[in-house]
Amino acid sequence: TNMTVMLLNGASLRGGCCRHKTLLQLLGPLLSHSKLYSSYRRPGAEPEKKTLWKNADFSFKKGFDVLKTQLGLLKEETQNHLIGPEGHPLSQYLLEQTRVMWQFRSQEDLNKWIISSDVEIGGKSEVYLKLGRNNQGALLYGTLNTEVPRDGETKYSGYCSMRAKPRLGSFRRKKYYDWSNFNSLYLRVRGDGRPWMVNIYTDPYFSHQKDDLYNYFMFTRGGPYWEEIKIPFSKFFLSSRGRIQDSQHPIWLDKISTLGFTIGDKIDGPFQLEIDFIGLLNDRAHTEEFAYEVYDKNTPV
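Below or above, wherever it landed, is the structure these notes cover.

Rules used in this analysis
Residues numbered from 1 in each chain as written. Predicted model: local features only at pLDDT ≥ 70, side-chain atom pairs only at ≥ 80, totals over all residues. Heavy atoms only, no water. Helix = DSSP H or I, 4+ residues; strand = E, 2+ residues; numbered from the N terminus. Contact = heavy atoms within 4.5 Å. Areas by Shrake-Rupley, 256 points an atom, 1.4 Å probe, with all protein chains shown as cover. Phe/Tyr/Trp six-rings, centres within 6.5 Å; stacked < 30°, edge-to-face > 60°. Buried < 20%, exposed > 50% of the residue type's maximum accessible area, 1.4 Å probe, protein only. Lys NZ or Arg CZ within 6 Å of the ring centre and 35° of its normal. Pairing = 2+ DSSP bridges. Expected span 1.5 Å × (residues − 1). Patch = residues over 30% accessible without salt bridge, like charges linked within 9 Å, V, L, I, M, F, W, Y side chains within 5 Å. Salt bridge = Lys/Arg side-chain N within 4 Å of Asp/Glu carboxyl O. Core = buried A, V, L, I, M, F, W, Y, C linked by side-chain atoms within 4.5 Å. Polar contact = N/O pair within 3.5 Å; in protein donor to acceptor, adjacent residues only side chain to side chain.

### Quick word on the overall build of the protein
Part 1: Broken down by element type, the protein carries 6 helices and 15 strands.
Part 2: Residue pairs at least 24 apart in sequence account for 72% of intrachain contacts in the protein once pairs closer than 6 positions are excluded.
Part 3: Counting every atom, the protein has about 20,400 Å² of accessible surface; 55% of that belongs to carbon and sulfur.

Here's what the structure looks like:
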């Protein structure tokens, strides 16, 4: 970094021009001693004292082990692709009517999920995730608190969520689920009577679509009995940053990134939701393609 600045200054002295000032302005963020990207940090966070190259772990053995692992994943992906869609024979794939995507029987199954709450924005809600009784199902529980943080910016608070980690292919490539062979989401849950929001994340075709979600409601009835819930994909509506969009379109079932659950019913107090499994269903009796109006964006005048 210092060498680059010295070279720029030396070139300007010999050339007798002021172009180095423009170069220094352009290269300023790259020549900082902290990071190679934006120097912004959250309020209250201590500045990074180490330079970026000191944080790097130059281990040839670790690099070789990672390369070996990724090549093994690439080999497995290639074999599954040669077998058929999603690693199943074509005949089995075409006749498949149900598929279990997530079930909860061990800690390894729980590790595939991420929990979060309004603590990220300064809220006071709490959320936890653990295995249910006899290792049958996942228990998502906590306390909802709608108290708004006093930061002068946040207007609403009080939510907790649970989301599956996105799939990664070999060499950490994004990998998506293809649910185009099914038309409904099928769950076995046991709740406490509070409503939940089911969120489906898809591949954002453009960068400004990264906050797009497909949502629908899941109402639990409470009590000691499990309930099986079927939600057709045609019922999911498009939203972005918590706002329902005017322009709606059916969900892209061949580019599913992940799925999650959110509670935010503005009622303070404890909550809990037990999930046995999350699956897919091809309901032949359901023929609806999309439940909402689709407007023509290029209406002739």
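More follows now that the structure is in view.
### Points about the packing of aromatic side chains
Part 1: In the structure shown here, the tally under the stated rule is 17 aromatic pairs.
Part 2: Between Trp102 and Tyr177, the aromatic rings sit 5.7 Å apart at their centres with planes inclined by 75°, giving edge-to-face as the arrangement. On the criterion of sequence distance, the pair formed by Trp102 in strand E1 (residues 98–103) and Tyr177 in the loop between strand E7 (174–175) and strand E8 (184–191) is long-range, its members being 75 residues apart. The burial state of Trp102 is the same as that of Tyr177; both residues are buried.
Part 3: Seen from the ring of Tyr201, Arg163 lies directly overhead, with NZ or CZ sitting 5.3 Å from the centre.

### Regarding the sheet that holds strand E13 (residues 243–244)
Part 1: Pairing is antiparallel across the open sheet formed by 7 strands, whose spatial order is E2-E5-E14-E9-E10-E12-E13. Where the open sheet ends on each side, the last strands, each with one partner, are strand E2 (113–117) and E13.
Part 2: In terms of strand pairing, strand E9 (residues 195–202) meets strand E10 (residues 212–219) through 6 bridges, oriented antiparallel. By the bridge assignment for E10, Ile200 is matched with Tyr214.

### So, unusual backbone geometry
Part 1: Positive phi is not limited to glycine here, since Arg172 has a value of about 55°.
Part 2: Positionally, Arg172 belongs in the loop between strand E6 (167–168) and E7.
Part 3: By relative accessible area, which is 63% here, Arg172 ends up exposed.
Part 4: With a phi angle near 55°, Arg241 is a residue other than glycine that sits in the positive phi range.

### A word on helix H4 (residues 60–83)
Part 1: Taking 1.5 Å per residue, 24 residues should reach 34 Å; H4 reaches 35 Å between its end C-alpha atoms and fits that length.
Part 2: Two residues or fewer after H4 comes Gly84, characterised by a positive phi angle close to 160°.

### Some points on a nonpolar patch on the surface
Part 1: Residues Leu67, Leu71, Leu74 and Phe171 make up a contiguous nonpolar surface patch of about 340 Å² in total accessible area.
Part 2: Structurally, Leu74 is set in helix H4.

### Details of the pairing of strand E14 (residues 256–263)
Part 1: Counted residue by residue, E14 has 7 buried out of 8 residues, so it is predominantly covered.
Part 2: The pairing of strand E5 (residues 160–164) with E14 spans 4 bridges and is antiparallel. Within the sheet, the bridge partner assigned to Arg163 lies in E14 and is Gly260.
Part 3: Two strands pair when backbone bridges link them, and E9 and E14 are joined in this way by 6 bridges, in the antiparallel orientation. Residue pairing in the sheet places Tyr201 in a bridge with Thr258 of E14.

### Remarks on the pattern of salt bridges
Part 1: By the definition in use, this model includes 13 salt bridges.
Part 2: The salt bridge involving Asp265 is made with Arg194; its shortest N-O contact spans 2.7 Å. Of the two residues, Asp265 is situated in the loop between E14 and strand E15 (269–281) and Arg194 in the loop between E8 and E9; the sequence distance between them amounts to 71 residues.
Part 3: Residue class for Asp265 comes out buried when judged on its relative accessible area of 17%.
Part 4: By relative accessible area, which is 9% here, Arg194 ends up buried.
Part 5: Overlapping salt bridges, with partners in common, bring together Glu77, Arg173 and Lys175 in one network.

### A short note on the nonpolar core
Part 1: Among the nonpolar cores identified, the biggest contains 40 residues, and Trp179, Leu185, Phe233, Leu259 and Phe261 are the most heavily contacted of them.
Part 2: In terms of residue count, the dominant contributor to this core is E15 (5 residues).
Part 3: Not counting chain neighbours up to four residues away, the residues in contact with Trp179 comprise Met101, Trp102, Ile200, Phe233, Leu253, Ile256, Leu259 and Leu280.

### Quick notes on the side chain of Asp265
Part 1: Looking at Asp265, its side chain comes within polar contact range of the side chain of Arg194, at 2.7 Å.
Part 2: Filtering out sequence-adjacent residues up to four positions away, Asp265 remains in contact with Leu144, Arg194 and Pro195.

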